[in-house]
Amino acid sequence: MKTLTLLAAVLASLATAAMAAEPIEGSWKTESGETAAIAPCGTAFCITLKTGKHAGKTIGKLSGAGASYKGEITDPANDKTYTGSADVAGSSLRLKGCVLAVLCKSQTWTKL
């Protein structure tokens, strides 16, 4: 009986870990002061602006896990899409978008 209880506890903790959100998920304050939400969409994570002039606009789609993600990021002001990456470190998210891997811009967002 003790073994069965232990097995149930282990399985429950594994299920909880599997359901835990990725560090990139949640609401983030952008450098320009807007709020962006990052949430699962299919097998990736979509970035959608929640406040500001471009509220409701999806501006990115990234794949990855843990602290490192890659995909595409769109500048909402001009609708240009760039190859992008994002790295999570605690409550900071560093986003980088590049054209031809040489002309790059980066921003750091803060978790809300």
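Each chain has its residues counted from 1, following the order in which its sequence is written. Only residues with pLDDT of 70 or above have their local features reported here, since the model is predicted, and side-chain atom pairs are shown and tallied only from 80 upward, although totals for entire chains, interfaces and linings are computed over all residues. The basis for every side-chain value is the complete set of non-hydrogen atoms in the structure, without hydrogens or water.

Points about the sheet that holds strand β3 (residues 44-49)
Consider a sheet: its strands pair through backbone hydrogen bonds, and that pairing is either parallel or antiparallel. At least two DSSP bridges between two strands are needed for those strands to be called paired. Note on conventions: DSSP H or I runs of at least 4 residues are helices, E runs of at least 2 residues are strands, and numbering of each starts at the N terminus. With antiparallel pairing, eight strands are arranged side by side around a closed barrel as β1-β2-β3-β4-β5-β6-β7-β8. Taking the axes of each pair of neighbouring strands and ignoring which way they run, one obtains an average angle of 30° across the sheet. Sheet analysis places strand β7 (residues 92-99) next to strand β8 (residues 103-111), joined by eight bridges and oriented antiparallel. By the bridge assignment, Arg 94 is partnered in β8 with Thr 108. Axis geometry follows a simple rule: fit a line to the C-alpha atoms, using only the stretch in contact for helices, then measure angles between N-to-C directions, giving values from 0 to 180 degrees.

Regarding unusual backbone geometry
Positive phi is not limited to glycine here, since Asp 79 has a value of about 60°. Following the sequence through the fold, Asp 79 ends up in the loop between β5 (68-75) and β6 (80-89).

Observations concerning the environment of Ser 106
Turning to its location among the elements, Ser 106 is positioned in strand β8. Summary of the burial criterion: residues with accessible area below 20% of their type's maximum are buried, those above 50% are exposed, and those between are partly exposed, where the area comes from a 1.4 Å probe applied to protein chains only. Judged by its relative accessible area of 38%, Ser 106 is partly exposed. Distance from Ser 106 to Ala 86, taken between C-alpha atoms, is 9.4 Å for residues 20 residues apart in sequence. When checking whether two residues touch, look at their non-hydrogen atoms; a contact exists if any pair is within 4.5 Å. Not counting residues up to four positions away in its chain, the partners in contact with Ser 106 are Arg 94, Leu 95 and Lys 96. Engagement of the side chain of Ser 106 in a polar contact is seen with the side chain of Arg 94, the distance being 3.4 Å. Throughout this description, a polar contact denotes any pair of N or O atoms lying within 3.5 Å of each other; where both atoms belong to protein, one of them has to be capable of donating a hydrogen while the other can accept it, and for residues adjacent in sequence the pair is counted only when both atoms sit in side chains.

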